[in-house]
Amino acid sequence: QVQLVESGGGLVQAGGSLRLSCAASGLTFSTYAMGWFRRYPEKERKFVAAITWSGSNTYYDDSVKGRFTISKDAAKNTVYLQMNSLKPEDTGVYYCYVQSGSGLSWGQGTQVTVSS
């Protein structure tokens, strides 16, 4: 079974930074992409960022462009999300995902709280 282990969430003041990590294991088929969604309180998950495994193409939601950077360590099946200039509006539960030959898998989520 594919499993994703996330870390790096926490509490930070507005304008500060956090780096989220997500390590995938149990991958039997090729990895196509990994990325992040987030869920605001009482809302559905929304796309944040993604990176393809071949070519390292990156994609960002407009709300985080210029502030967040996604990167990967392919040898470790790990993706990172560097979050700078954080705003209170970024508060939410962040979920890592992997798109592979076996389908789409999700992490358990990690809480990010940005105080004003």
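Structure report, in brief. (Residues numbered from 1 in each chain as written. Predicted model: local features only at pLDDT ≥ 70, side-chain atom pairs only at ≥ 80, totals over all residues. Heavy atoms only, no water.)

Some points on the sheet that holds strand S8 (residues 78–83)
What holds strands together in a sheet is hydrogen bonding between their backbones, with the strands either parallel or antiparallel.
Here's step 1: Sheet architecture is open: four strands sit in the order S1-S3-S8-S7, paired in antiparallel fashion. Of all strands in the sheet, those bounded by a partner on one side alone are strand S1 (3–7) and strand S7 (68–73). Between one strand axis and the next, the sheet turns by 15° as a mean value, whatever way the strands run.
Here's step 2: For S1 and strand S3 (residues 18–25), the ladder comprises five bridges, and the chain directions are antiparallel. (Pairing = 2+ DSSP bridges. Helix = DSSP H or I, 4+ residues; strand = E, 2+ residues; numbered from the N terminus. Axes fitted to C-alpha atoms, helices over the stretch in contact; angles between N-to-C directions.)

Quick notes on the packing of aromatic side chains
Here's step 1: Per the counting criterion, the structure on display carries four aromatic pairs.
Here's step 2: Measuring from ring centre to ring centre gives 5.6 Å for Phe37 and Tyr97, while their planes differ by 75°; the resulting arrangement is edge-to-face. Linking Phe37 in strand S4 (residues 31–39) with Tyr97 in strand S9 (residues 92–100), this pair joins segments that are 60 residues apart in sequence.
Here's step 3: According to the relative accessible area criterion, Phe37 is partly exposed, its value standing at 21%.
Here's step 4: Both rings, one in Tyr97 and one in Trp106, keep their centres 5.7 Å apart while their planes meet at 50°; by these two values the pair is tilted.
Here's step 5: The exposure class of Tyr97 is buried, given its relative accessible area of 10%. (Phe/Tyr/Trp six-rings, centres within 6.5 Å; stacked < 30°, edge-to-face > 60°. Buried < 20%, exposed > 50% of the residue type's maximum accessible area, 1.4 Å probe, protein only.)

Some points on the pairing of S8
Here's step 1: Across the six residues of S8, five count as buried, placing the element largely inside the fold.
Here's step 2: Here S3 runs beside S8; their pairing, made up of six bridges, is antiparallel. Directly across from Arg19, in S8, lies its bridge partner Gln82.
Here's step 3: Alignment of S7 against S8, held across six bridges, turns out to be antiparallel. Across the sheet, the residue bridging to Thr69 is Gln82, located in S8.

Re the nonpolar core
Here's step 1: In this structure, Met34, Trp36, Leu81, Met83 and Tyr94 are the most contacted members of the largest nonpolar core, which totals 24 residues.
Here's step 2: Element by element, the count of residues in this core is highest for S3, at four residues. (Core = buried A, V, L, I, M, F, W, Y, C linked by side-chain atoms within 4.5 Å.)

Some remarks on the state of the cysteines
Here's step 1: Applying the stated criterion to the full structure yields one disulfide.
Here's step 2: Covalently, Cys22 is tied to Cys96 through a disulfide, its sulfur atoms 2.1 Å apart. Measuring the twist about the S-S bond at about -85°, one finds the Cys22-Cys96 disulfide to be left-handed. Taken together, the residues span a long stretch of sequence, with Cys22 in strand S3 and Cys96 in strand S9 at a distance of 74 residues.
Here's step 3: With a relative accessible area of 0%, Cys22 lands in the buried category.
Here's step 4: Under the relative-accessibility criterion, Cys96 is labelled buried at 0%. (Disulfide = S-S within 2.5 Å.)

Overview of the side chain of Thr110
Here's step 1: As for its placement among the helices and strands, Thr110 is situated in strand S11 (residues 110–115).
Here's step 2: With residues up to four places along the chain from it excluded, the contact list for Thr110 reads Glu6, Gly9, Leu20, Gly92, Val93 and Tyr94. (Contact = heavy atoms within 4.5 Å.)

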